[in-house]
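What follows is each chain in one-letter form.
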Amino acid sequence: MPRIEPLAPPYPAAVEEALRRWMPPGVPYEPLTLFRVLHRNAELASRMFVLGAGLLGHGLLPAADRALVIARVTARAGCGYEWGVHAATLAPRAGLSPERLRATAAPEIDGSWPARHAALLHAVDELHDTARLSQPAWDALRAHDEDEQLLELLVLAGWYRTIGYLANGLLLEDEPWAVPFPQAPEAAQAPPSSPSSRPGEAGQSDGKERR
């Protein structure tokens, strides 16, 4: 059970309409648990909707790039809830194969990724680990995107880190139709001394970060 109980039907008309707006078009499921919890604070939810919907529906990044960033951010945050929802809905529409989606949860980025996607994945990892981007990471991104897209990328990564905080902090259980996370999210298993462990790593056992 989530730490804050989600709203349950029947919903007031205004809440019903708001929840339906949050769901991707054509998705035949009930509103997400996350959305139903957020609407315990309807004013906050309405403010969040503007940014979230703008990033997903009116962004400048190619759909595949956006889907890849979301998958890697939520995987690195150990947020199996949002990773699974995204993998079941928007990621396939963006053209990400099941194999590529699973690879976003791997501890390391292998050499099979195209240069454009590898640059995005490495940037997400640096942002997750340091909250900064090195010059080489920035230069790799600039080889493929313009300033407008790079600004959107930074906001997108930060937004889905926020979603990861929400879902993990609320202890949301996976949606029954979501894609299972490829392995147990490390963020939920790692000891407090190793908050930056990547998916699939076991955390610190000797006081040194494992690479």
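Every value quoted in this text rests on a predicted model; they were computed, and no experiment measured them.

Draft legend 1. Just the overall build of the protein, in detail. Across its full length, the protein carries eleven helices and zero strands. Secondary structure elements in the protein, listed N-terminal to C-terminal, are α-α-α-α-α-α-α-α-α-α-α. Within the protein, the proportion of its 211 residues that are buried is 45%. A sequence separation of at least 24 residues applies to 69% of the contacts in the protein between residues at least 6 apart. Summed over all atoms, the accessible surface of the protein reaches about 10800 Å², with 57% contributed by carbon and sulfur.

Draft legend 2. Quick look at helix α8 (residues 115-130). For α8, built from 16 residues, the straight-helix expectation of 22 Å at 1.5 Å per residue is met to within 8% by its first-to-last C-alpha distance of 22 Å. Turning to α8, its buried residues number three or more, namely His-117, Ala-118, Ala-119, Leu-120, Leu-121, Ala-123, Val-124, Asp-125 and His-128. Elements in contact with the buried residues of α8: α4 (63-76), α9 (135-142) and α10 (147-169). Looking one or two residues beyond α8, the residue adopting positive phi is Ala-131, at roughly 60 degrees.

Criteria and cut-off values
Residues numbered from 1 in each chain as written. Predicted model: local features only at pLDDT ≥ 70, side-chain atom pairs only at ≥ 80, totals over all residues. Heavy atoms only, no water. Helix = DSSP H or I, 4+ residues; strand = E, 2+ residues; numbered from the N terminus. Buried < 20%, exposed > 50% of the residue type's maximum accessible area, 1.4 Å probe, protein only. Contact = heavy atoms within 4.5 Å. Areas by Shrake-Rupley, 256 points an atom, 1.4 Å probe, with all protein chains shown as cover. Expected span 1.5 Å × (residues − 1).

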